[in-house]
Amino acid sequence: MKKISVILSVMAAIVLAACSSIDCPVKNKVETTYALKKPNGKTDTLGIDTLSVWIHRIEYKDGKRDSTVINRLCGSKGTSFAVAMSYVMPEDSLFTLLKNNKGGEWRDTICVSKENTEHFESVDCRATYFHQITALTYTKNGIDSIKLNNREVNYDTSEHFYLYLKADR
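Residues numbered from 1 in each chain as written. Predicted model: local features only at pLDDT ≥ 70, side-chain atom pairs only at ≥ 80, totals over all residues. Heavy atoms only, no water.

**Side note on the overall build of the protein**
This is how it is decided: In this description a helix means any DSSP run of H or I spanning at least four residues, a strand means any run of E spanning at least two, and both kinds are numbered starting from the N terminus. Throughout, exposure labels follow a simple rule: accessible area from a 1.4 Å probe, protein chains only, divided by the maximum for the residue type, with under 20% read as buried, over 50% as exposed, and the rest as partly exposed. Only heavy atoms enter the contact rule, under which two residues are in contact if any of them lie within 4.5 Å.
The number of helices and strands found in the protein is 1 helix and 10 strands. Starting at the N terminus and ending at the C terminus, the protein contains elements arranged as α-β-β-β-β-β-β-β-β-β-β. Looking at the 169 residues of the protein, the share that counts as buried comes to 36%. Residue pairs in contact within the protein that sit at least 24 positions apart in sequence constitute 59% of those at least 6 positions apart.

Right, dumping it as structure tokens:
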């Protein structure tokens, strides 16, 4: 009889432990990555240039404002940047400012249209949204072109956009 009660106790402990484990992803931030590229496809560095990025959003659900700033990304580390996407807005707008050491400034706007899909992991995990990029528009003051590399935005950290800056900056 003791053996049966021990076995039942062990089985109950295993079942309870399995039910209480939370399997939330460690990196549950959904963001797009912009990689700076040269026309030949190699990685570009900002070098002496600096790039700043602003985002101003108003979320539909609760009206809270969300601003993200990348302030003066530069040098050899300035080869890419990641920006979190809004949860429910159909379009995100990024405002960029590119400066060089000669006093030149170029302001551009990047608009990313997307479809938002609610992603459910568990009731214990934070709510997230995945996105599918449907369209891309941008101004061409300091930006030469932007190529869409990966339209699926989820936990994957791959490069979504290749950003080509004008050579005469």
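**Structural notes on the confidence of the model for the protein**
Inclusion rule: The quantity called pLDDT is the predictor's confidence in a given residue, expressed from 0 to 100.
On average, residues of the protein carry a pLDDT of 82, and 76% of them reach 70 or more. Here helix α1 (residues 2–20) stands out as the element of the protein with the lowest mean pLDDT, 56, in contrast to strand β8 (residues 143–148), whose mean of 96 is the highest.

**A word on the pattern of salt bridges**
The following threshold applies: A carboxyl oxygen of Asp or Glu within 4 Å of a side-chain nitrogen of Lys or Arg is what we treat as a salt bridge.
Per the counting criterion, the structure on display carries 2 salt bridges. The salt bridge involving Lys99 is made with Glu105; its shortest N-O contact spans 3.7 Å. Accessibility expressed as a relative area gives 33% for Lys99, which makes it partly exposed. Judged by its relative accessible area of 42%, Glu105 is partly exposed.

**A look at the packing of aromatic side chains**
Filter applied, for reference: Any two of the Phe, Tyr and Trp rings considered here, Trp counted by its six-membered ring, make a pair once their centres fall within 6.5 Å; the pair's planes then place it as stacked at under 30 degrees, edge-to-face at over 60, or tilted in between.
Counted according to the given criterion, the structure contains 4 aromatic pairs. Where Tyr34 meets Phe81, the ring centres are 5.1 Å apart and the plane angle is 10°; that geometry is what we call stacked. Placement of the pair is Tyr34 in strand β1 (residues 31–37) and Phe81 in strand β4 (residues 80–84), with a sequence separation of 47 residues. Side by side, Tyr34 and Phe81 carry an identical accessibility label, which is buried. With a centroid separation of 4.7 Å and an interplanar angle of 20°, the aromatic rings of Tyr34 and Phe161 are classed as stacked.

**A closer look at the environment of Glu115**
Looking at the element boundaries, Glu115 is found in strand β6 (residues 105–119). Separated by 15 residues in sequence, Glu115 and Phe130 have C-alpha atoms that sit 8.4 Å apart. Ignoring any residue separated from it by four or fewer positions in sequence, one finds Glu115 in contact with Phe130, His131, Gln132 and Thr134.

**Let's talk about the pairing of strand β7 (residues 128–138)**
Each regular strand displays side chains that alternate between the two surfaces of the sheet. Let me state the cut-off plainly: Here a strand pair is declared whenever DSSP counts at least two bridges between the two strands.
Pairing between β6 and β7: 10 bridges, direction antiparallel. Of the residues in β7, the one forming a bridge with Ser113 is Ala135.

**Brief notes about the nonpolar core**
Rules: We define a nonpolar core as any set of buried Ala, Val, Leu, Ile, Met, Phe, Trp, Tyr and Cys residues linked to one another through side-chain atoms lying within 4.5 Å.
In this structure, Tyr34, Phe81 and Leu94 are the most contacted members of the largest nonpolar core, which totals 26 residues. Contact partners of Leu94, with chain neighbours within four places excluded, come to Tyr34, Val53, Trp54, Ile55, Phe81, Val83, Asp108, Thr109 and Ile110.

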